[in-house]
Structure formats: C-alpha cells, structure tokens
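# What the coordinates show
One letter stands for each residue in the lines below.
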Amino acid sequence: MRSWNRSLYDRPMKKPPADPDVADVAPTDSVLTVYDEEHIITYLRMLDADAEGADWREVAQIVLHIDPELEHDRARRAFDSHLTRAKWMTEHGYRHLLRGGASNPNL
C-alpha cells in the first residue's frame, strides 16, 4: 500500500495564533492562503458572532481590534470581508486544510 495518505494527513498543522492582527481586507483567493491558516481562530470567532447575531461594531472592536467609532469605514470593510472569508472557509477552504493547508506543495 502506498504511503502518500500517511505523509499528507499525519503532518501536524501549524498552530495558528490565538488573536492575530488582521488586514484591512481578508483574502479573496480561490485557494487557502497562509493568512487564512493564521486567522482560522479569527474566522471561527466571526462565525460564532454571526450565529449569535452580534452587532458588527462589537465584533470589529473585539475580534478585529478596529474601533468602529474612530475608523468606521475601515472597521466595516474588515468586518464584511473577514465574515465573507469565514463563510467561504466553511464551504470551500476547509477542503484545503484537510489536504495539508496552504503550505502543501501538492495543492
């Protein structure tokens, strides 16, 4: 039996930072990026907040560390793009993670 499955799935995923700084706009690539891997926890927090119906301003302040009172447009743009990317991860991006993530040269 070939060992390709073993090397692909036994490789540990690099632990993402718990609360990383975010870009003003999340990636829009059709493949998983290193940024996505580093922001998995951010995306999960965005999805949780969305499911709970949290106000976008509170999420921008707490999760994205952008004060919507001081930087309204930037906060809204970051919130919208990161929530969109988080939803993309649930529909498409997770497949890339299962195959070893953005650092996998076989993607």
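Further up the page is the structure itself.
Residues numbered from 1 in each chain as written. Predicted model: local features only at pLDDT ≥ 70, side-chain atom pairs only at ≥ 80, totals over all residues. Heavy atoms only, no water.

Moving on to helix H3 (residues 40–52). Over its 13 residues, H3 extends 18 Å from the first C-alpha to the last, a length consistent with the 18 Å expected when each residue adds 1.5 Å. Residues of H3 that are buried include every one of Ile40, Thr42, Tyr43, Met46 and Ala49, and no others. Two residues or fewer after H3 comes Gly53, characterised by a positive phi angle close to 75°. (Helix = DSSP H or I, 4+ residues; strand = E, 2+ residues; numbered from the N terminus. Expected span 1.5 Å × (residues − 1). Buried < 20%, exposed > 50% of the residue type's maximum accessible area, 1.4 Å probe, protein only.)

Turning our attention to the pattern of salt bridges. For the structure shown, the criterion picks out 6 salt bridges. One salt bridge in this structure joins Asp55 and Arg57, with 2.9 Å as the shortest N-O distance. Accessibility expressed as a relative area gives 38% for Arg57, which makes it partly exposed. The salt bridge involving Asp80 is made with Arg76; its shortest N-O contact spans 3.1 Å. In this pair, Asp80 and Arg76 are both assigned in helix H5 (residues 72–98), 4 residues apart and thus about one turn of the helix distant. Take Arg76: its relative accessible area is 32%, and that puts it in the partly exposed class. What emerges from the salt-bridge pattern is a single network uniting Asp24, Glu71 and Arg74. (Salt bridge = Lys/Arg side-chain N within 4 Å of Asp/Glu carboxyl O.)

Within the secondary structure, Asp36 sits in helix H2 (residues 34–38). Here Tyr43 takes part through its side chain, which lies 2.7 Å from a polar atom of the side chain of Asp36. (Polar contact = N/O pair within 3.5 Å; in protein donor to acceptor, adjacent residues only side chain to side chain.)

This next bit is on the packing of aromatic side chains. Pairs of aromatic rings are described using the distance from one ring centre to the other and the angle between the two planes. If you walk through the whole model with that rule in mind, you get 1 aromatic pair. Where Trp56 meets Phe79, the ring centres are 6.2 Å apart and the plane angle is 50°; that geometry is what we call tilted. One end of the pair, Trp56, is in helix H4 (residues 56–62); the other, Phe79, is in helix H5, and 23 residues separate them in sequence. The ring of Trp88 has Arg85 lying over it, and the distance from NZ or CZ to the ring centre is 3.9 Å. (Phe/Tyr/Trp six-rings, centres within 6.5 Å; stacked < 30°, edge-to-face > 60°. Lys NZ or Arg CZ within 6 Å of the ring centre and 35° of its normal.)

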